[in-house]
Amino acid sequence: MSFKIAIIGAGSLVFARTLFTDIMSVPEFHDIEVAFTDINPDNLEKVTHLCQRDLDSNGIPIAIQATTDRREAFRNARYIINCVRIGGLPAFEMDVDIPLKYGVDQCVGDTLCTGGIMYGQRVIAEMLNFCKDIREVAEPGAIMLNYSNPNAMATWACNKYGRVKTIGLCHGEIHGETQIGEVLGIPREELDITCAGINHQTWYVSVKHKGVELKDKLLAGFEAHEKFREEEKVRIDILKRFGYYSTESNGHLSEYVAWYRKRPDEIQDWINTDSWINGETGGYLRVTREERNWFETEYPKIVAEPPKKYDGSQRGKEHCSYIMESLETGRKYRGHFNVMNEGCITNLPYESVVEVPCYVDGNGISVPKLGDLPLGCAAVCSQSIWVQRLAVEAAVAGDVNLLKQAALMDPLTGAVCNPPEIWQMIDEMLIAQEEWLPQYKEAIADAKKRFAEGPLLPTRDGYQGAVRIRDKTVEEITAERENRTITA
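Residues numbered from 1 in each chain as written. Predicted model: local features only at pLDDT ≥ 70, side-chain atom pairs only at ≥ 80, totals over all residues. Heavy atoms only, no water.

Trainee: Break down the side chain of Q121 for me, with residues and values.
Mentor: Mapped onto the secondary structure, Q121 falls in helix α5 (residues 113-137). Here Q121 is in contact with A391, A394, A395, L403, L437, Q439 and Y440, once residues within four sequence places are set aside. (Helix = DSSP H or I, 4+ residues; strand = E, 2+ residues; numbered from the N terminus. Contact = heavy atoms within 4.5 Å.)

Trainee: Pulling in residues and values, what's your account of the nonpolar core?
Mentor: F20, M24, F36, I80, F337 and L373 are the most contacted members of the largest nonpolar core, which has 122 residues in total. Counting contributing residues, this core receives three or more from each of domain 1 (4-87 + 114-171) and domain 2 (88-113 + 173-487). Setting aside anything within four residues of it in sequence, one finds L373 in contact with A196, G197, W203, V205, I345, N347, L348, A378 and C381. Grouped together as the second largest cluster of nonpolar side chains are 16 residues, I186, L191, L218 and F222 included. (Core = buried A, V, L, I, M, F, W, Y, C linked by side-chain atoms within 4.5 Å. Buried < 20%, exposed > 50% of the residue type's maximum accessible area, 1.4 Å probe, protein only. Domains from an automatic or database assignment.)

Trainee: Summarise helix α16 (residues 400-409); cite the residues concerned and give the values.
Mentor: Because the α-helix completes a turn every 3.6 residues, residues three or four places apart line up on one side. What α16 keeps buried is the set V400, L403, K404, A406 and A407. Along the long axis of α16, the arc covered by the buried residues comes to 150°, so they all point the same way. Elements that come into contact with the buried residues of α16 comprise α5, α15 (375-397), α17 (411-416), α18 (419-432) and α19 (441-453). Here α16 starts with a cap whose side-chain oxygen sits 3.0 Å from the backbone nitrogen of N401, and that cap is D399. (Arc of directions from axis to C-beta. Polar contact = N/O pair within 3.5 Å; in protein donor to acceptor, adjacent residues only side chain to side chain.)

Trainee: Could you give an account of the side chain of H319, naming the residues involved and the relevant values?
Mentor: Checked against the element boundaries, H319 lands in helix α14 (residues 319-329). Of the polar contacts made by the side chain of H319, one reaches the side chain of E173; its length is 3.4 Å. Residues within four places of H319 in sequence aside, it is in contact with Y147, L169, C170, E173, I174, Y333, G335, H336 and F337.

Trainee: Hey, could you go over the domain arrangement of the protein chain for me, with residue numbers and the actual values?
Mentor: Here the protein chain is partitioned into domain 1 (4-87 + 114-171) and domain 2 (88-113 + 173-487). On the domain 2 side, the residues contacting the 64 residues of domain 1 number 81 residues. Of the roughly 6300 Å² buried between domain 1 and domain 2, counting both surfaces, carbon and sulfur atoms make up 65%. Taken together, the links from domain 1 to domain 2 amount to five salt bridges. One salt bridge in this structure joins E393 and K160, with 3.0 Å as the shortest N-O distance. Inspection of the region where domain 1 meets domain 2 yields 37 residue pairs in polar contact (both at pLDDT 80 or more). Taken together, the elements giving at least two residues each to the side of domain 1 that touches domain 2 come down to α1 (14-24), α2 (41-57), β4 (79-82), α5, β5 (143-146), α6 (151-160) and β6 (165-168). (Buried area = accessible area lost by both parts, 1.4 Å probe. Salt bridge = Lys/Arg side-chain N within 4 Å of Asp/Glu carboxyl O.)

Trainee: Quick one: what's the story with the environment of R71, residue by residue and with numbers?
Mentor: Structurally, R71 can be placed in helix α3 (residues 70-74). In contact with R71, not counting residues within four places along its chain, are D133, E136 and V137. Within the structure, the side chain of R71 is placed 2.8 Å from the side chain of E136, a separation counted as a polar contact.

Trainee: Kindly report on the pairing of strand β8 (residues 201-209), identifying the contributing residues and their values.
Mentor: Burial within β8 is extensive, with eight of its nine residues counted as buried. Bridge count between strand β7 (residues 191-198) and β8: eight bridges; the pairing is antiparallel. Directly across from I198, in β8, lies its bridge partner Q201. Connecting β7 to the next strand, β8, in antiparallel fashion are two residues, including H200 with a positive phi near 70°. Across two bridges, β8 lies against strand β9 (residues 212-213) in antiparallel orientation. If you follow K208 over to β9, its bridge partner there is E213. (Pairing = 2+ DSSP bridges.)

Right, here's the structure in full:
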């Protein structure tokens, strides 16, 4: 079979090669067309070189088309795989550091909270441009498989305003499923798990083994687990109070609700510093910087490593390749994807993006009707959905009032800041991120005038947050990776 895929953000260091390895692990895909595109020509060249070497080593006669012209990459493509980060590390640093001046302490800042809302403004503006190109030059009916965060906001905007069928993909529920298998002492493969909710706030609403429901055993299992009871304090507390385990990591979940990060002296009570994902201040920003520095320094060593194998032994669990395999070959696949709700979860807004179990085969992607979420779980999700909706509409229209209302309604931001502080914080972020926010030209001019004329509210300049950990050196990262390899 022959069709074309395009990966945008293909210079994304490790992730693009991981996805490509998964795709090339499907034997029927060994004669497809492949295009990589990125705005960073150096990273694009490096990743393309690695993947082309992998192809050649596996005897697959595909020549990757690498280009900084995304329209050429999209031309005649059936699948567009999106993994861009608009604004890169400079904007990401602003998403974390500017809110800290106002007391908003985030672990990640890419989905909700102030950082996620601003990230959404950048990514939606650019992804709508992607959609225009897809409509004009890609294969009719092309599908975008979106990995970019904020996933729900971006997927919502592309489906509603971009008029491109877009499926949001995430691996949060996969990690949680592994944890559940461990605490129950049952191999994951033997469990029948159903998740439902919204991206990064999805709930394990059913966990069955041989037809027997086991979700009520999870609290005791997690509280008794020596490792998880220290690393997942927020998730366990949510499980205790709402009755359902959340798919998202401790650090992510802690910044989506109002209760765990609003008092600096209590944040350490709810997080763990063994890994960034457990809740440290700016944890994902730190590891992203470390990964970039490591990749740039260690690239010659990566090139010297053995090529990837495309025999299926190195295929991961990311949904992307399995969706394409099912659509093209008819092999059935079940996974949890982000799709427009449209009545799937009946007590969440009809117009919203939900993360639910979907079924794929040669007839397409089917979304079942799940009915109501448990009421408390629906309440948590609904609060976030209204933040998302305000942020999406703000990004599309360049409406600064909706943008500030989104920040005001955000659970953690609203718990920490009063309205004047939120208005000033968003002004400051608009000014700082001007180059990625063309839709806010007039609003940014007004914000600059307010900052010039004053008076301004006092902020905590230089504040590093409750639990900030220094960036590791390249040498430290290399030593850690080598140690993992030895002990694996």
